[in-house]
Amino acid sequence: MFLNFSDIGTKFERLSPQQPKSSRFYFIDAARAVAILMMLQGHFVDRLLNPVYRDVTDPVYATWAFFRGITAPLFFTVSGLIFVFLLLREADKGFWKNPRVRRGLKRGVELIFWGYLLRVNIFYLGMGRINASFWVVDVLHCIGLALIASIGLYALWLKVKQVPFSLLLLSIGCLLFLFEPLYSAWNPSGIPQWLVHYVTDQKGAVFTPFPWIGYTLIGGAFGAFLRQAPKLGRTWAGPVGLFIFGILLTWLSSPFFSWLFEQTGIDLFQQIVWNNYLFIRLGNVFIVLALFWLLEQATILTARWRLLLKIGRETLLIYQVHYVLLYGSWFGLGLVGLYSKQLGPVEAAVGAACFVAFFVGLIYTLEEWKAFFHDKVHQLGVTVDGLIHQGRKVRRALVIRRLARARR
């Protein structure tokens, strides 16, 4: 019903070199697809693997942990990249006439809404209470705020335009990274519970807007740069330069800040060196993006890789469904509730592979599922309309019978 095996080959068919290139950068969607798939297996293994197997000296586990650490920075960065890239496509229309402004604001609010909705527990609501985890800020909240912040900065930039928009985003993103040792140590008190998770991760939040929206703003700077220099995006210089810059950030950012501390004596630089995860992970992200960009430049990654690109465009749906299946969401009935910290390495690996395969199959058959549910909703609507019509007929007959009795 849902699978048509005859067209599987065409979904993975490569584009011939003679075909013209699209104005779209496929490496962006491909990187976002890889990020969401890495998130799926990362969340599965992290929540279900028995802690006794979490040995950082084991090369397999260490490799898995390293790549899992890239997932969130990559996803935040690509989200900003693609949003600003599309935002500036219609920049000549002004602010409110730019459809991407309204869509971005709507999308930002939608992400924050889903961030809270997925954490609602029906049983607590039934008791007239709200579960404590409902207030915890997560990825969706941060990306939603990042999109709204990007639009706000865009509005400010349109008024001033003293510097390129890419430089504005890059500067603010880097400042958020630089001052992270200062504001991350802040332990606020006396502020509402719903607000506390937006300003500190010391109350249980894994992600907070600061510093994580810095990745989105820096990604937006990259998107603005691609829009301002479109020809560079179709040359080898772009991905090669990004790859080299990623290597420099990964390996030389800590020595650079150590040198700054020695030269200036400013303690902030030493604190960055002690926990330089933000700039190192940014370098990792640039390396990954550069590799996908190189694949596109070599015409290996093209529009014919439809399934991979489609996965990259359906990340919100994947996140929503994975949250319900893995964490239980509204009813608390998920895989984590059943097998939390119980699986061995082989079981976790096989389970993660099946978990990822399920979502690949879901996106592959997404149009069929949409048509299926559309038909069911339509049938339900017809049935409801029919019941309403029959109800009206019965009510009319009862009224006529009562009138007839009254005349007697």
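Structure: see above.
Computed from a prediction, not measured in an experiment: that's the story for all the values here.

About the thresholds
- Residues numbered from 1 in each chain as written.
- Predicted model: local features only at pLDDT ≥ 70, side-chain atom pairs only at ≥ 80, totals over all residues.
- Heavy atoms only, no water.
- Axes fitted to C-alpha atoms, helices over the stretch in contact; angles between N-to-C directions.
- Helix = DSSP H or I, 4+ residues; strand = E, 2+ residues; numbered from the N terminus.
- Parallel < 35°, antiparallel > 145°, perpendicular 65-115°, else oblique.
- Left-handed = near helix turned anticlockwise from the far one by under 90°.
- Nonpolar A, V, L, I, M, F, W, Y, C, P; charged D, E, K, R; others polar.
- Phe/Tyr/Trp six-rings, centres within 6.5 Å; stacked < 30°, edge-to-face > 60°.
- Buried < 20%, exposed > 50% of the residue type's maximum accessible area, 1.4 Å probe, protein only.
- Lys NZ or Arg CZ within 6 Å of the ring centre and 35° of its normal.
- Contact = heavy atoms within 4.5 Å.

> Pulling in residues and values, what's your account of the packing of helix α2 (residues 26-48) against helix α3 (residues 59-87)?
Relative to each other, α2 and α3 sit at 140°, their axes nearing to 8 Å. One element, α2, and the other, α3, form an angle in the oblique class. The crossing of α2 and α3 is left-handed. The residue makeup of the contact of α2 with α3, split by class, is 14 nonpolar, 4 polar and 4 charged.

> I'd like a description of the packing of aromatic side chains, backed by residues and values.
Taken as a whole and judged by the stated rule, the model has 32 aromatic pairs. Taking 6.5 Å as the distance between ring centres and 70° as the angle between the ring planes, the aromatic pair formed by Phe 123 and Phe 331 counts as edge-to-face. In this pair, Phe 123 is assigned in helix α5 (residues 122-126) and Phe 331 in the loop between α15 (315-327) and α16 (335-339), connecting sequence segments 208 residues apart. Owing to a relative accessible area of 45%, Phe 331 belongs among the partly exposed residues under this scheme. Ring pairing ties together the aromatic residues Phe 76, Phe 177, Phe 207, Trp 212, Tyr 215, Phe 256, Phe 257, Trp 259, Phe 269 and Phe 279, which thus form one cluster. One residue, Arg 234, lies across the ring of Phe 25, its end atom 4.3 Å from the ring centre.

> Please provide a residue-by-residue account of unusual backbone geometry, values included.
A cis amide bond, omega 15°, links Phe 210 with the succeeding residue Pro 211. One can find Pro 211 in helix α10 (residues 209-228). Phi at Lys 341 is positive, roughly 55°, even though this residue is not glycine. Residue position: Lys 341 is located in the loop between α16 and α17 (345-364).

> Got a sec to walk through the environment of Val 356? Specific residues and values, please.
Tracing the chain through its elements places Val 356 in helix α17. A residue is classified by how much of its surface remains accessible, and Val 356, at 17% relative accessible area, is buried. If we ignore the near neighbours within four places in the chain, the residues touching Val 356 are Leu 37, Leu 40 and Gln 41.

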